[in-house]
Amino acid sequence: MEITLGPAKSIVGTFDVPGDKSISHRALLVASIADGVSSLHNLLQAQDPESTIRCLRSLGVKITRNGETTEVYGQGLNGFRRPTADLDAGNSGTTMRLLSGILAGQPFESTITGDESLRNRPMQRVVDPLTRMGAVISSQKGKPPLTIQGKNPLDAISHTLQVPSAQVKSAILLAGLFAEGATTITEKVITRDHTERLLNLPVRTNEEGRTITVVGGTRIPPFTIVVPGDISSAVFLICAAALVPGSDIVIRNVGLNPTRTAVLGILTNAGLQLSVERTSHQEPEEYGDIRVKFGPASRPIDLDSAVVPQIIDEIPALAVLAAASGVECSVRGAGELRVKESDRVSLLVRNLRSIGVPAEEAGDGFSFERAVITSGRVQSGGDHRIAMAFALAGLRGGAEITIDEAEASEISFPHYWGVLESFQKR
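Residues numbered from 1 in each chain as written. Predicted model: local features only at pLDDT ≥ 70, side-chain atom pairs only at ≥ 80, totals over all residues. Heavy atoms only, no water.

Caption draft 1: Expanded view of the overall build of the chain. Scanning the chain from terminus to terminus reveals 13 helices and 25 strands. Taken against the 2.2 N^0.38 rule, which gives 22 Å for 426 residues, the C-alpha radius of gyration of the chain at 21 Å falls within 12% of a compact globule. Overall, the chain is about 60 × 45 × 40 Å in size when its C-alpha atoms are taken along their principal axes. Taken across its 426 residues, the chain has 59% of its residues classed as buried. (Helix = DSSP H or I, 4+ residues; strand = E, 2+ residues; numbered from the N terminus. Rg over C-alpha atoms; globule rule 2.2 N^0.38 Å. Buried < 20%, exposed > 50% of the residue type's maximum accessible area, 1.4 Å probe, protein only.)

Caption draft 2: The arrangement of the packing of aromatic side chains in detail. Using the criterion set out here, one finds three aromatic pairs in the structure. An angle of 65 degrees between the planes, with centres 5.7 Å apart, marks the rings of Phe236 and Tyr416 as edge-to-face. You can see Phe236 sitting in helix H7 (residues 231-243) and its partner Tyr416 sitting in helix H13 (residues 416-423), a full 180 residues away along the chain. For the ring pair Phe413 and Tyr416, a centre distance of 5.1 Å and an interplane angle of 55 degrees mean the geometry is tilted. One aromatic cluster in this structure is built from Phe236, Phe413, Tyr416 and Trp417. (Phe/Tyr/Trp six-rings, centres within 6.5 Å; stacked < 30°, edge-to-face > 60°.)

Caption draft 3: Local environment of the state of the cysteines. Using the criterion set out here, one finds zero disulfides in the structure. We note that Cys239 lacks a disulfide partner, and the nearest cysteine sulfur, in Cys329, lies 11 Å from it. A relative accessible area of 0% means that Cys239 is categorised as buried. A relative accessible area of 3% means that Cys329 is categorised as buried. (Disulfide = S-S within 2.5 Å.)

Caption draft 4: Molecular detail of the sheet that holds strand S22 (residues 360-362). Strand order in the open sheet formed by four strands is S20-S21-S23-S22, with mixed pairing between adjacent strands. The sheet terminates laterally at strand S20 (301-303) and S22, the two strands that pair on one side only. The mean inter-strand angle of the sheet, taken between neighbouring strand axes irrespective of direction, is 15 degrees. Pairing geometry for strand S21 (residues 329-331) and strand S23 (residues 365-368), over three bridges, is antiparallel. Across the sheet, the residue bridging to Ser330 is Ser367, located in S23. (Pairing = 2+ DSSP bridges. Axes fitted to C-alpha atoms, helices over the stretch in contact; angles between N-to-C directions.)

Caption draft 5: Structural view of the sheet that holds strand S16 (residues 224-226). Pairing in this open sheet of four strands is mixed, and the strands run S4-S5-S3-S16 from one edge to the other. Two strands in the sheet have a free side with no partner beyond their single neighbour: strand S4 (62-66) and S16. Within this sheet the neighbouring strands show an average axis-to-axis angle of 15 degrees, counted without direction. Examined bridge by bridge, S4 and strand S5 (residues 69-73) share five bridges and lie antiparallel to one another. Its bridge partner being in S5, Asn66 is matched across the sheet by Thr69.

Caption draft 6: Structural detail: the packing of helix H10 (residues 315-325) against helix H12 (residues 384-391). Remark: H10 packs on H12, axes separated minimally by 8 Å, with the N-to-C direction vectors making an angle of 20 degrees. Overall, the two elements H10 and H12 adopt an arrangement that is roughly parallel. Once H10 is placed against H12, the crossing between them reads as right-handed. Residue-level inspection shows Pro316, Ala317 and Val320 of H10 in contact with H12, the latter providing Arg385, Ile386, Ala389 and Phe390. A breakdown of the residues in the contact of H10 with H12 according to their chemical character gives six nonpolar, no polar and one charged. (Parallel < 35°, antiparallel > 145°, perpendicular 65-115°, else oblique. Left-handed = near helix turned anticlockwise from the far one by under 90°. Contact = heavy atoms within 4.5 Å. Nonpolar A, V, L, I, M, F, W, Y, C, P; charged D, E, K, R; others polar.)

Caption draft 7: Inspection of the environment of Glu50 at higher detail. For Glu50, the position within the fold is in helix H2 (residues 47-58). For the pair Glu50 and Ile315, spaced 265 residues apart in the sequence, the C-alpha separation amounts to 25 Å.

Caption draft 8: Expanded view of helix H5 (residues 166-176). For H5, a buried count of 11 out of 11 residues is recorded, marking the element as mostly surrounded by other parts of the structure. Of the positions making up H5, those classed as buried are Ala166, Gln167, Val168, Lys169, Ser170, Ala171, Ile172, Leu173, Leu174, Ala175 and Gly176.

Caption draft 9: Spatial organisation of unusual backbone geometry. Between Pro144 and Pro145 the backbone carries a cis peptide bond, its omega angle lying at 5 degrees. Along the chain, Pro145 falls in strand S9 (residues 143-149). Omega for the bond connecting Asn152 with Pro153 falls within 30 degrees of zero, at 5 degrees, which places this linkage in the cis form. Among the secondary structure elements, Pro153 is positioned in the loop between S9 and strand S10 (154-155). Even without being a glycine, Lys141 presents a positive backbone phi close to 55 degrees. Position of Lys141 among the secondary structure elements: in the loop between strand S8 (136-140) and S9. On the basis of relative accessibility, which here comes to 85%, the residue Lys141 falls in the exposed class. Phi at Asn253 takes a positive value of approximately 55 degrees, unusual for a residue other than glycine. Residue class for Asn253 comes out partly exposed when judged on its relative accessible area of 36%.

Caption draft 10: Spatial organisation of the packing of helix H1 (residues 21-32) against H2. Look at H1 against H2: their axes get within 9 Å of each other, and the N-to-C directions meet at 10 degrees. Here H1 is positioned roughly parallel relative to H2, judged by the angle of their axes. Contact with H1, carried on its side by Lys21, Ser24, His25, Leu28, Leu29 and Ser32, involves Asp48, Pro49, Thr52, Ile53 and Leu56 of H2 and no other residues of that element. Residue composition of the contact of H1 with H2, grouped by class: five nonpolar, four polar and two charged.

Shown next as structure tokens:
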């Protein structure tokens, strides 16, 4: 499917964004090993969480839906059954990496695979620590499918993350529930902490970094959670309003977890007019409303390795915002972008050039000077964040942008194109 978008009229009103994708995955997985029925409200109903649900059902977990409420009938730590076929994680790296942590502690063999894109993503960073814990894992030169012969109990380990990754951290923490003793993870750069919050794990900071400990055999009580709106999805609407003259919007009930809100500071520093009102401080996740008025970026966007891990999913939107605003942009220390749903560094640079922005590619990032966006065609590469980001380029000025494989947005933001097209009819 291709979508063509041109300049929009003013965007005014109140909006909601889908439930947070990262929290949705983790809530499903943690609930599946809880001792009873958990209720998950406002769970993201999109392709990636559906992959997690499909895998869990194949492992014997009953999951039901009634409107906005999803009930997960937890099987406890040792209640999974051996699947009768390979587990299909679809396009979801989160599903594969986090579920691998749980499968490592099961007393049976299982294989988890995915689509072509996922089968080309690196998994060795998960395989290595889980192997140290006693699981036997085979892969295709460090890539999926993964065949996991679990061990119960696993061996507890101490592990320092060499590459900032909340997915790797979460996989080890989940595996630690099946270990004998205490498993400790140290991260030198803070990454999103949704798993720690759901498991209510102790966290401390010392000279070595941020340390999280999980004790094997800890039982998980059933829980109720309201999944807040995904700030990574909200960023697209924030940027849209900032770029379209006369806009004034409020995005309600957006997750404001401190490990995810660095992007708001970056947007403010770039000159956007936005304000945040916290409406809840409830555990495990706080949320609130974000108001945005028209006002494109007026200062360069300069990102380095100190902040990149906290905004890795928002970089495509930030890059297109800068380009559409006519300001410079520089991104360094973002090599992780190359192993997402696509090589986002390469795709961003190629697509920016296709719409008149002379971007330069580097090994771990990219940069460009001030430019004027022209009409053009964008290749999303089936990557949801690339597709949604470049839609922003067509909302401001006289350019029309055509996006190939626009349906990729269904991975995280169903109805995204309907929302944007409604802006053009206002």
